[in-house]
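For reference, the chains in residue letters:
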Amino acid sequence: MVYFIGAGPGDPELITVKAKRMIEKADIIIYAGSLVNPQVLHGAKPQAEIHNSASMTLPQVIEVMAEGERAGKLTVRVHTGDPSLYGAIREQMAELERLGIPYEVVPGVSSFLAAAASLKREYTLPGVSQTVILTRMEGRTPVPEREQIEKLAGHGATMVIFLSAGRIHELCSRLQRGGYEPDTPAAVVYKASWKDEKIVRGTLEDLAERVRSAGIQRTALVVVGGFLGDDFCLSRLYDESFSHGYRTSGTGSDKESL
Ligand code: SAH
């Protein structure tokens, strides 16, 4: 059996109870050494076999899993954040299916959620944006033409951009070209939830320069949008003049769709 688990963004306490239990039971652990905090492996059995996938190819990873399966062992594959985002997990699942090896996925706390927590902000503010776009700039992996940064920026929604902090200058100009005003608030969160986390705040006009002077290149998210500002409407959820399925109001009897 193979378990894919999300290790969370960095802080070893931001792992699910289930994923932690899997690490404690694992006979074989394969982890993405470039991003996973090694502290999340602390509860592993002393005899557990531990592989760092940073130096492995896909066939090598699959071979470790297949060998473990033949020996009746439990393999835990540790991905950073949540494995469903830029985790290269699908190609592994496809191989396991081809080989008839059973597997399960345990979700994790993605770095984009840890970033909101560190910023003490809510991505979906009433009157500002009710949509979060998670994306990246193309790198070695291409991005479909219809998802180019300029096109996504046209929505004016909250945007969280992965894997792109190293090209922050280009990113900020493309976001403006796409329609965000130069004074749109933006921030970079480096190593969200780690001990050496750093936050750089600014606008689309000056963020790139600030990030460059802070020396941030990788393990960082770029977040953009009015949600970083201070203007928003109050939510209907806690509005005393509205009733809803769980609360009846003193003044109105209308059921509002929240
Ligand atoms: N599956 C991961 C993303 C892996 S892609 C997740 O759910 O978070 C790797 C990219 O994720 C990095 O380039 C960076 O943009 C972002 N990232 C991962 N961990 C991070 C962290 N602790 N703080 C900020 N960004 C992080």
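The structure we're discussing is the one just above.
Residues numbered from 1 in each chain as written. Predicted model: local features only at pLDDT ≥ 70, side-chain atom pairs only at ≥ 80, totals over all residues. Heavy atoms only, no water.

1. A word on the pairing of strand β10 (residues 220–224)
Along any regular strand, the residues point their side chains to alternate faces of the sheet. Rules: Classification of residues uses two cut-offs on accessible area relative to the type maximum, computed with a 1.4 Å probe and protein chains only: under 20% is buried, over 50% is exposed, and between them is partly exposed. The helix and strand labels rest on DSSP assignments: H or I over at least four residues marks a helix, E over at least two residues marks a strand, and numbering proceeds from the N terminus. Any two strands with at least two DSSP-identified bridges between them are counted as paired.
For β10, the buried fraction is high: 5 of the 5 residues fall into the buried class. What you see with β10 is no split at all: Ala220, Val222 and Val224 on one side and Leu221 and Val223 on the other are buried throughout. With 3 bridges connecting them, strand β7 (residues 158–162) and β10 associate as antiparallel partners. Note on β10: the bridge partner recorded for Met159 is Val224. Looking at chain direction, strand β8 (residues 185–190) and β10 are connected through 5 bridges and run antiparallel. Across the sheet, residue Val189 finds its bridge partner in β10, namely Leu221.

2. Describing the packing of aromatic side chains
To keep it simple, the criterion reads: Between the rings of Phe, Tyr and Trp (Trp by its six-membered ring), a pair exists once the centres lie within 6.5 Å; its type follows the angle of the planes, with under 30 degrees stacked, over 60 edge-to-face, and the other angles tilted. In our convention, an over-ring charge means Lys NZ or Arg CZ found within 6 Å of a ring centre and within 35 degrees of that ring's normal.
One pass over the structure, following the stated rule, counts 4 aromatic pairs. On the basis of an interplanar angle of 50° and a centroid distance of 5.1 Å, the ring pair of Tyr86 and Phe162 is categorised as tilted. Pair noted here: Tyr86 is in the loop between β4 (75–79) and α3 (90–99) and Phe162 is in strand β7, with a separation of 76 residues, a long-range link. Its relative accessible area of 9% is what places Phe162 among the buried residues. One aromatic cluster is present, formed by Phe112, Tyr123 and Phe227 through successive ring pairs. Taking NZ or CZ as reference, Lys191 lies 4.2 Å from the ring centre of Trp194, over its face. Sitting over the face of the ring of Tyr190, Lys198 holds its NZ or CZ atom 5.6 Å from the ring centroid.

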